[in-house]
Every structure is written in structure tokens, then in C-alpha cells.
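Survey of secondary and tertiary structure
For reference, the chains in residue letters:
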Amino acid sequence: NAGVTQTPKFQVLKTGQSMTLQCAQDMNHNSMYWYRQDPGMGLRLIYYSASEGTTDKGEVPNGYNVSRLNKREFSLRLESAAPSQTSVYFCASRDRAFTEAFFGQGTRLTVV
Amino acid sequence: GNSVTQMEGPVTLSEEAFLTINCTYTATGYPSLFWYVQYPGEGLQLLLKATKADDKGSNKGFEATYRKETTSFHLEKGSVQVSDSAVYFCASTGGGNKLTFGTGTQLKVEL
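Residues numbered from 1 in each chain as written. Chains lettered and ligands numbered in written order. Predicted model: local features only at pLDDT ≥ 70, side-chain atom pairs only at ≥ 80, totals over all residues. Heavy atoms only, no water.

Residues and elements named next belong to chain A. The full count for this structure, using the stated rule, is two disulfides over all chains. Here Cys 23 pairs with Cys 91 through a disulfide, and the sulfurs are 1.9 Å apart. Torsion about the S-S bond of the Cys 23 and Cys 91 cystine: about -75°, corresponding to left-handed handedness. Here Cys 23 is found in strand β3 (residues 19-25), whereas its partner Cys 91 is found in strand β9 (residues 87-94), with 68 residues between them in sequence. Looking at Cys 23, the relative accessible area reads 2%, which means it is buried. (Disulfide = S-S within 2.5 Å. Helix = DSSP H or I, 4+ residues; strand = E, 2+ residues; numbered from the N terminus. Buried < 20%, exposed > 50% of the residue type's maximum accessible area, 1.4 Å probe, protein only.)

Here it is in C-alpha cells:
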């Protein structure tokens, strides 16, 4: 049971470098999400995709871009990484409104 | 917009003690409510859920009742174990396709 798979699990970037975090789900879910988790701040929504072909900003979208490549995949791109983007990033998916979300294992990103 | 407020941690309890973690929400309409648990180094896992007023969600000895009159969804367990040590997140649907989380409450259970 793969569920939601994120890659990579760990990454260290230098300030100004770019990278893409990958997320794929095999549950045929319509909606996908990217969150970041920081100490004392819980999970904050970066971007989400309610369905294939649509994306919307969440609470903290600045410095990020997303692509909903197809129904399975939703990637998060940092064009020019900054130390403030050091965080743990979680991808999640769910079938429809009012249902629970399923989470990946997270990507621990450090920007130096 | 929607918001979820949960009690600050960390919460430290002795094994077999009673646990309550408070959670209140603000949302338009009738959201679904969830408790998630996160063990060290892992992602979030659904612990329990409730989809309408007066519903009680339960799992692994944990319970929470959806109280619309007080907009609350407090998590309880009668007798905690060391293995329950984790971070607990309360969450609410609402605002279209968004899922809003509280800041998390760290629980540490000692022998």
C-alpha cells in the first residue's frame, strides 16, 4: 500500500538554488495539498489542487510554485531557496470535501 | 476564514493517567473534524474523525465528540501509555477544499 509518496526524504540546498519536491498518490484522489511544518506553527498550507488542472494558493505561497502534472502527481518547486524555507514539507491527498487527508512521510529541507 | 485552536503543549503525563487535549474551531457551515497523530520522524496519521454534530469518533482508546454548541472536539483517553507519546493535531474541513490544522500538542507519557 503505497498511498502518498514523497521524494526526496532529505535535502540540503544552498541559498539561491532551486529544486522540485515530488509527490505522487495511488488512491485516485481528486485533491492534493502541500503543507510546511515548522516548530510551534503546526501545518500551514502552501498550495493545493482541488482537481486535476487546477491549483490555488494557500496560507503561505510566496517563494513557491506548483504543478499538478496529472491526477496522481503534484510537485512543489522552490525557484530560489532561502533559509526561511528550511522546514519539513508534507504532501497530502484526499478524495473529496469533508473526508480525511492522507499524508506522505515528509521531506526535510535545510537551506544554508 | 476557518481556524482551529488547540491547547499548547507539551503535556507530560504518567502512564495510566487520563488525557484531555482541548480543540475548538471556527468554520462556516458544518465542517468535518479530525484528530491526527504524528510519531517522531513520520507523517501524520488519521486517529479519528467525526462528520456531524454529536458524532463521537473513537480509535485505539481515544475518543472525541463533535460539539456544535461549543464548537469543540476535545480528544480524551482514559489511560495513556508510553507508546502514545507523539504530537496530536486537530483539524477541520471548510473553506472549499481546504483542511485547516491546529498548531499541534506534544504529549509525553512517562513510566
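Residues and elements named next belong to chain A. What the four strands build is an open sheet, ordered β1-β3-β8-β7; its pairing is antiparallel. Edge positions in the sheet fall to β1 (4-7) and β7 (64-68), since each has one partner strand and no second. Each strand axis lies, on average, 15° off the axis of its neighbour in the sheet, ignoring direction. One ladder, built from five bridges, connects β7 with strand β8 (residues 74-78); its direction is antiparallel. The residue of β8 that forms the bridge with Ser 67 is Ser 75. (Pairing = 2+ DSSP bridges. Axes fitted to C-alpha atoms, helices over the stretch in contact; angles between N-to-C directions.)

Further remarks concern the environment of Leu 78 of chain A. All names here are of chain A. Locating Leu 78 in the fold gives a position in strand β8. As for Leu 78 and Leu 21, which are separated by 57 residues in sequence, their C-alpha atoms are 8.3 Å apart. Not counting the four nearest positions on each side in its chain, Leu 78 is found in contact with Gln 17, Ser 18, Met 19, Leu 21, Gly 63, Tyr 64, Gln 85, Tyr 89 and Leu 109. (Contact = heavy atoms within 4.5 Å.)

A separate point is the packing of aromatic side chains. On inspection of all chains with the given rule, the structure shows 13 aromatic pairs over all chains. Their ring planes at 40° and their centres at 6.0 Å tell us that Tyr 35 of chain A and Phe 103 of chain A sit as a pair that is tilted. Of the two residues, Tyr 35 of chain A is situated in strand β4 (residues 31-38) and Phe 103 of chain A in strand β10 (residues 102-103); the sequence distance between them amounts to 68 residues. The exposure classification of Tyr 35 of chain A matches that of Phe 103 of chain A, with both residues buried. Between Phe 34 of chain B and Tyr 36 of chain B, the ring centres sit 6.2 Å apart and the planes meet at 50°, which makes this aromatic pair tilted. Given a relative accessible area of 0%, Phe 34 of chain B falls into the buried group. Residue Tyr 36 of chain B is classed as buried on the basis of its relative accessible area, which comes to 0%. (Phe/Tyr/Trp six-rings, centres within 6.5 Å; stacked < 30°, edge-to-face > 60°.)

Residue Pro 8 of chain A is reached from Thr 7 of chain A by a cis peptide bond, and omega for that bond is -10°. Looking at where Pro 8 of chain A falls in the secondary structure, it is placed in the loop between β1 and β2 (10-13). Cis geometry is found at the peptide bond from Gly 9 of chain B to Pro 10 of chain B, where omega equals -5°. In this structure, Pro 10 of chain B sits in the loop between β1 (3-6) and β2 (11-14). Not every positive phi belongs to a glycine, and Asn 28 of chain A is a case in point at roughly 60°. Secondary-structure assignment places Asn 28 of chain A in the loop between β3 and β4. Under the relative-accessibility criterion, Asn 28 of chain A is labelled exposed at 53%. With a phi close to 45°, Thr 71 of chain B is a non-glycine residue in the positive phi region. Summarising the element assignment, Thr 71 of chain B is placed in the loop between β8 (62-65) and β9 (75-77).

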